[in-house]
Amino acid sequence: MRQRLSPDHFNLPVEQIKSGYFSDSYFLRTQEILIKDNHRPRVVMQVFQRQQAIICGIDEAIAIIKKCAHDPDNLVIHALYDGDPIAPWETVMTIEGDLANFSHLETVYLGSLSRQSKIATNVQRVVQAANGKPVLFFPSRFDHYAVQESDGYAAHIGGVFGVSTPANGSLWGADALGTIPHALISAYGGDTVRATKAFDTHTDRKIGRVALIDFSNDCVATALAVAREMGDTLGGVRLDTADTLVDASVLPYMGTFKPTGVCAQLVLNVRQALDREGFTHVRIMVSGGFNTERIKQFEAANVPVDVYAVGSSLFNDNINFTADVVMVDGQPCGKVGRSYRPNPRLALVK
């Protein structure tokens, strides 16, 4: 039997959610009216979205309902599992019970489903484009820290190899990965070799030694300098050249391609230089503006990348979920175009 994350996995602000603090006001007014009018119909709420996607956020949505409904024991939930592929308009979850018991939760559980499914879907597309090469989830700096736990879990559901913050890995037991930031190199006077040696000296040996080599905008020279100093200890180099710069090693090749940023020619230059001096064991990681299409282009051209670190593009696009009442007291009752669509894939949540 497939497993779900326990509701206790999630650090929910239960009292605030119960009070309606995060809810659209008309859901709170709906609840107030039903209670004051002593009108307590038993409804079926149906949740769906409109794209080909990967569902994520189901377990958190279930946790929200179980912990924050006013009488969760009298609700019946059927749902897909995190990681299931979903089609447009496919029912992903139903909630059956007294509407006044859970109407205040719609904003909250739909938000969890929308954000996490977006990230899981974007990550899966990138992972598929990378043809089996590791993809690292590195966009946390581009959003509020409070979403890191669920974002990292969604990235895991999408198939990511690693994440960058402890919070990203907390729900699935992963350690944070990371190399050397430009700030550390600056702190050592712009000396990449010295900064990398300091990293090597003072960092746990189980952490891979990956040098960031674009600080001086001469990735070939910097890669070789670090490799000569580190030898077999160096596991990889990371290229992160800004999209407004042309690396020194690329200048002689300009004329037939976009030369800025981490372009294919730059990766090839670094690979060839390392190989010529016997550093064939050093892997190449690329970062800086990578998305599904760009990775597809690199893979189609056989650019010698070993690891892709992907950032803000994983937050792009939207997958928006909607919930509708489609049954009332056992009879069909939904707005036009939103009829009950049973889904045999849904599993009863116990």
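What counts and how
Throughout this document, residue positions are counted from 1 along each chain, in the order its sequence is written. Only residues with pLDDT of at least 70 are given local features in this predicted model, and only at 80 or more are side-chain atom pairs given and counted; all residues enter the totals for whole chains, interfaces and linings. Each side-chain value is derived from all of the structure's non-hydrogen atoms; neither hydrogens nor water enter the calculation. A run of H or I in DSSP becomes a helix once it reaches four residues, and a run of E becomes a strand once it reaches two; helices and strands are each numbered from the N terminus. Partly exposed residues are those whose accessible area sits between 20% and 50% of the maximum for their type, while under 20% is buried and over 50% is exposed, using a 1.4 Å probe and protein chains only. We call two residues contacting when some pair of their heavy atoms lies within 4.5 Å. Using a 1.4 Å probe, the Shrake-Rupley method yields the accessible areas, and only the shown protein chains count as cover for residues. Contacts described as polar in this section are N or O atom pairs within 3.5 Å, which, within protein, must combine one atom able to donate a hydrogen with one able to accept it, while residues neighboring in sequence count only if both atoms come from side chains. Should DSSP find at least two bridges between two strands, the strands are taken to pair. Planes of paired rings set the category: under 30 degrees apart is stacked, over 60 is edge-to-face and the rest tilted, where pairs are Phe, Tyr or Trp rings (Trp by its six-membered ring) whose centres lie within 6.5 Å. Two conditions define a charge sitting above a ring: the NZ of Lys or the CZ of Arg must be within 6 Å of the ring centre, and it must be within 35 degrees of the ring normal.

### Focus on the overall build of the protein chain
Phase 1: Counting its regular elements, the protein chain contains 12 helices and 14 strands.
Phase 2: Principal-axis analysis of the C-alpha atoms places the extent of the protein chain at approximately 80 × 40 × 35 Å.
Phase 3: When burial is assessed residue by residue, the protein chain has 52% of its 350 residues classed as buried.
Phase 4: Long-range contacts, defined as pairs at least 24 residues apart, comprise 73% of the intrachain contacts of the protein chain with a sequence gap of at least 6.
Phase 5: Surface accessibility of the protein chain: about 16,500 Å² in total, with carbon and sulfur atoms responsible for 51%.

### Points about helix 3 (residues 58-68)
Phase 1: Extensive coverage of helix 3 is indicated by the burial of 9 of its 11 residues.
Phase 2: Of all the residues in helix 3, the buried ones are Ile58, Asp59, Glu60, Ala61, Ile62, Ala63, Ile64, Ile65 and Cys68.
Phase 3: Looking at the packing, one finds that the buried side of helix 3 touches helix 1 (14-19), strand 3 (76-79), strand 5 (93-98), helix 5 (106-129) and helix 6 (148-158).

### Quick look at unusual backbone geometry
Phase 1: Of note in the backbone geometry, Asn131 takes a positive phi value of approximately 55° without being a glycine.
Phase 2: Here Asn131 lies in the loop between helix 5 and strand 6 (135-137).
Phase 3: Despite not being glycine, Asp317 shows a phi value in the positive range, around 65°.
Phase 4: With respect to the helices and strands, Asp317 occurs in the loop between strand 11 (307-310) and strand 12 (322-328).

### Side note on the side chain of Asp59
Phase 1: Mapped onto the fold, Asp59 is located in helix 3.
Phase 2: By relative accessible area, which is 3% here, Asp59 ends up buried.
Phase 3: Side-chain polar atoms of Asp59 contact the backbone nitrogen of Leu5, separated by 2.9 Å.
Phase 4: Filtering out sequence-adjacent residues up to four positions away, Asp59 remains in contact with Arg4, Leu5, Phe10, Asp82 and Tyr153.

### Observations regarding the sheet that holds strand 8 (residues 210-212)
Phase 1: Strand order across the open sheet formed by 6 strands is 7-6-11-10-9-8, with parallel pairing between neighbours. Every interior strand has two partners, whereas the edge strands, strand 7 (162-163) and strand 8, have only one.

### With respect to the packing of aromatic side chains
Phase 1: Following the criterion strictly, the structure yields 6 aromatic pairs and no others.
Phase 2: Consider the rings of Phe48 and Trp89, whose centres lie 4.9 Å apart with planes at 10°: the pair is stacked. Taken together, the positions of Phe48 in strand 1 (residues 42-48) and Trp89 in the loop between strand 4 (85-86) and strand 5 put the pair 41 residues apart, joining distant regions of the chain.
Phase 3: In this structure Phe48 comes out as buried when scored by relative accessible area, which is 0%.
Phase 4: Grouping aromatic residues by their ring pairs yields a cluster made of Phe290, Phe298 and Tyr308.
Phase 5: In this structure, Arg115 is placed above the aromatic ring of Phe315, and the distance from its NZ or CZ to the ring centre is 5.1 Å.
Phase 6: The ring of Phe48 has Arg341 sitting right over it, with the charged end atom 5.0 Å from the ring centre.

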